[in-house]
Structure formats: C-alpha cells, structure tokens
Amino acid sequence: TNTMKTAALVTLALAGSAQAFAPSTSRVSVSRTSTSVASSVFDDAVKDWAEEYPQFAAWGWGPSVQAEIWNGRHAMFGWVVMCACAY
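Nothing here was measured: the structure is a model prediction, and the numbers come from that model.

**A short note on the side chain of Arg-73**
Inference 1: Examined against the element boundaries, Arg-73 turns out to sit in helix H4 (residues 65-86).
Inference 2: For the buried Arg-73, no salt bridge exists, and the shortest N-O distance to an oppositely charged side chain is 12 Å, to Glu-68.
Inference 3: Apart from the residues within four sequence positions on either side, Arg-73 is in contact with Ala-20, Phe-21 and Ala-22.

Below, the structure written as structure tokens:
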C-alpha cells in the first residue's frame, strides 16, 4: 500500500506540473519599470544578432522571448528529473 500511495502521489505531481509546459492563453500585457532596461538590452541584442546573421533570422532562428521561456521550462524540467533521480 505504501508503494501505491507513492505512485499515486507521483502521478498527481506529474499531472499537476504538466500545466507549466502548456502555452499561456493570457494575452494581458504587463508593464514593469524595473525590467525596461533589461528589455531594451535584450531587444538591442536581438536586433544586433539579426543584422549579423540575416539568413538565420529570416528562418526564425535566434534569440527571442519565446526561446527564453522554453529554455527556462526545459531547465526546470531537467532539475526536477535530476532531483527525482537522486532519490
């Protein structure tokens, strides 16, 4: 019974965390003054990259906000897997 409880808990945790990997349906724009400098630096870097590698930019490759979001999601998934394997 202890194994069943553990399996049920793991299943519930995985089902609950699946939402983190789903695309957001919210289109509300939030303006924060503290991130405006970081945003302008990122926007400048994206523009510089597009000028340096125009062919890749035309294909949609390169740095983007969406790429950063997915990189963060994959990194957090990796940490969860590493922590799960440690036990």
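**Examining a negative patch on the surface**
Inference 1: Negative charge collects at one region of the surface, where Asp-43, Asp-44, Asp-48, Glu-51 and Glu-52 lie side by side.
Inference 2: You can see Asp-43 is positioned in helix H2 (residues 36-52).
Inference 3: Exposure remark for Asp-43: the relative accessible area of 45% places this residue in the partly exposed category.

**Structural notes on the confidence of the model for the protein chain**
Inference 1: On average, residues of the protein chain carry a pLDDT of 82, and 84% of them reach 70 or more.
Inference 2: Across the protein chain, element-level confidence peaks in H4 with a mean pLDDT of 92 and bottoms out in helix H1 (residues 2-17) with 82.

**Remarks on H1**
Inference 1: Taking 1.5 Å of rise per residue, the 16 residues of H1 would be expected to cover 22 Å, and the 23 Å separating its terminal C-alpha atoms lies within 8% of that figure.
Inference 2: Sparse coverage of H1 is indicated by the burial of 0 of its 16 residues.

Calculation criteria
- Residues numbered from 1 in each chain as written.
- Predicted model: local features only at pLDDT ≥ 70, side-chain atom pairs only at ≥ 80, totals over all residues.
- Heavy atoms only, no water.
- Helix = DSSP H or I, 4+ residues; strand = E, 2+ residues; numbered from the N terminus.
- Buried < 20%, exposed > 50% of the residue type's maximum accessible area, 1.4 Å probe, protein only.
- Lys, Arg positive; Asp, Glu negative; His and termini not counted.
- Salt bridge = Lys/Arg side-chain N within 4 Å of Asp/Glu carboxyl O.
- Contact = heavy atoms within 4.5 Å.
- Patch = residues over 30% accessible without salt bridge, like charges linked within 9 Å, V, L, I, M, F, W, Y side chains within 5 Å.
- Areas by Shrake-Rupley, 256 points an atom, 1.4 Å probe, with all protein chains shown as cover.
- Charge placed at Lys NZ, Arg CZ, Asp CG, Glu CD.
- pLDDT = per-residue confidence, 0-100.
- Expected span 1.5 Å × (residues − 1).

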